[in-house]
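Tertiary structure, described
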Amino acid sequence: MTLQRRSQKLRATLAHMPASAWRRVALQNVSRAYRRPRVMDEQVVLTGSEGPMRQWTGTDLGHAEPTLLLTNQMRRAASTLIERYAKRLVIDNSIADGIDFCHMDAWSSAVAMKIPCDLPLTLMASSLYRRLGAQVGRGYEEAKGPHIFRDFIDAVGLITLTDHEIIVRDQKRAHNPLLIAAGFANTDVAVPWLGNKRLRLIFG
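So, about the overall build of the chain. Each helix and strand counted, the chain has five helices and nine strands in total. Starting at the N terminus, the α and β elements of the chain follow one another as β-α-β-β-β-β-α-α-α-β-β-α-β-β. For the chain, the accessible area works out to roughly 13,600 Å², and carbon and sulfur atoms hold 56% of it.

Set out below in structure tokens:
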């Protein structure tokens, strides 16, 4: 199952489809605001494909234009296909968000560079942002990486190294109380790669 590109010809065809060509389906197993999309099922033959494919078109899914899917699942219910793709899209969006924000090649492409360690590091960074958001709470559990970075990470601070400690003093910021409430002011952990010095965070 994959997305179908919306060509100008396809857009024009869909715009002139009669209302009778569409039907409503109810989504049961997805958490989303749009649960009763309009759908249209067709069989199409693509150049180079063996036999017909199923083209599924959906509207009222929260997008400005129809969503088109191509699949070789000819007998599954349309609602089942939508639910399956919606779950997969959550994973795709999560990876895309991490690549778009954390990836070293983000400005040129949303496709990870072909370096064995690059994609794992990208996903690790994205996971750390999600963990930070989950620990802070208050709606940040669902926040994207750029939002968390802007509110908590993108700041000026003073780092002091002593014989036994690494003291990070953050500047005064409106969101510091959230970090203090989440317990970050009580941070006291050893950093193995810095001679087991203890890390302390001070806010304001």
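With that out of the way, let us pick up helix H4 (residues 145-153). Turning to H4, its buried residues are Gly 145, Ile 148, Asp 151 and Phe 152. On an axial view of H4, the arc spanned by its buried residues comes to 140 degrees, and they lie on one face.

Moving on to the environment of Leu 10. In this structure, Leu 10 sits in helix H1 (residues 8-15). When residues no more than four places from it in sequence are discounted, the contact partners of Leu 10 are Gln 4, Arg 5, Gln 55 and Leu 68.

Residue Arg 138 is not a glycine yet carries a positive backbone phi of 55 degrees. Of note, Arg 138 is situated in the loop between helix H3 (118-136) and H4. A positive phi is found at Asn 196, a non-glycine position, where the angle reads about 60 degrees. Turning to its location among the elements, Asn 196 is positioned in the loop between strand S8 (189-191) and strand S9 (197-203).

Cut-offs and rules
- Residues numbered from 1 in each chain as written.
- Predicted model: local features only at pLDDT ≥ 70, side-chain atom pairs only at ≥ 80, totals over all residues.
- Heavy atoms only, no water.
- Helix = DSSP H or I, 4+ residues; strand = E, 2+ residues; numbered from the N terminus.
- Areas by Shrake-Rupley, 256 points an atom, 1.4 Å probe, with all protein chains shown as cover.
- Buried < 20%, exposed > 50% of the residue type's maximum accessible area, 1.4 Å probe, protein only.
- Arc of directions from axis to C-beta.
- Contact = heavy atoms within 4.5 Å.

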